[in-house]
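# Architecture at a glance
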Amino acid sequence: MSIQIRCFIVIFLASINFSVFAMDFDPYFADDMILARGHLVKVWGKGVRGESANLILSQAGRKLEQVFVAVDATGYWDGVLSAQKAGGPLTLSIESISGGKKLIKNVFFGDIWLVAGQFNVEQRLEEIPKWYRDVVKNRGKSILLRLYNIKSEINSGETLTSFVPEKSHWMKADNTIESFKKLRRLPAIAYYFGRDLFGKINVPVAIMVAASNDNKVESWTLAETMFDEGQDLPICYREQAMF
């Protein structure tokens, strides 16, 4: 009897697939995120070289789009989703033929705005007089607003900052007390701007919050805007030199 049991265990273990799905999304892509509506959307991540999968966009169990992606020699993969209209919720997943799967839930398409600045935009929501009463007043009102808190760090020996996706995260601002307990330390201007904007356009709104004393406008400005043809110095620096 014991011999039969041992044989069964050996056969059972041999039938299990111990392979690990070696692909994942970049930390930027997470539950409750908002992607830009009306534009091609690039999705990317990391993995083991040679691994491949399908990037799938679904809604209510119905597959809307499928894109084949593969990890390149540098350990990265990427795929491009077609332009989508505003709405959701949807799911975004990467699924391999062998059955491996990574899933992101409650994804919406909408408008994305950047709120960036230094200490002048760092005033926290909890520092606004009677902000809690405002929360209670708007409690229960339907709103699709997400805030993405961009974390950065100064490179060693440099003044420029680097985006750190592992420390950044998406947060829901859906007019619930639970949400506001998490949001209270974020810049108030980001929340109130996003809330008012949603009330006017009625599509999901994402506010990217980049408030830091070491934040520089050059980090958010296109090169062609900063430089004139044939000039070596950015426009802003040349203007400062004139005064």
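Here, the structure is the one placed above.
Since this is a predicted model, take the numbers as computed values, not measurements. (Residues numbered from 1 in each chain as written. Predicted model: local features only at pLDDT ≥ 70, side-chain atom pairs only at ≥ 80, totals over all residues. Heavy atoms only, no water.)

Turning next to unusual backbone geometry. Negative phi values dominate among residues other than glycine, just as trans dominates among peptide bonds. With an omega dihedral of 0°, the bond running from Gly88 to Pro89 counts as a cis peptide bond. Checked against the element boundaries, Pro89 lands in strand 7 (residues 87–95). Its identity is not glycine, yet Ala60 carries a phi of approximately 50°, on the positive side. Along the chain, the position of Ala60 falls in the loop between strand 4 (52–59) and strand 5 (62–70). Positioned with a positive phi, Asn106 is a non-glycine residue whose angle comes to about 60°. In this structure, Asn106 sits in strand 8 (residues 101–117). (Helix = DSSP H or I, 4+ residues; strand = E, 2+ residues; numbered from the N terminus.)

Along the chain, the position of Asn149 falls in strand 9 (residues 145–149). With a relative accessible area of 11%, Asn149 lands in the buried category. Not counting residues within four places of it along the chain, the set of residues in contact with Asn149 comprises Ser168, His169, Met171, Leu186 and Val209. (Buried < 20%, exposed > 50% of the residue type's maximum accessible area, 1.4 Å probe, protein only. Contact = heavy atoms within 4.5 Å.)

Another point: the pattern of salt bridges. Side chains that differ in sign of charge can pair as their charged atoms come close. Enumeration over the complete set of coordinates arrives at five salt bridges. Between Arg37 and Asp111 there is a salt bridge, and its shortest N-O distance comes to 2.6 Å. Here Arg37 is found in the loop between strand 2 (34–36) and strand 3 (41–47), whereas its partner Asp111 is found in strand 8, with 74 residues between them in sequence. We classify Arg37 as partly exposed; its relative accessible area is 32%. In this structure, a network of salt bridges that share partners links the residues Arg124, Glu126 and Arg184. (Salt bridge = Lys/Arg side-chain N within 4 Å of Asp/Glu carboxyl O.)

Bear in mind that shape data such as this cannot, by itself, settle questions of function.
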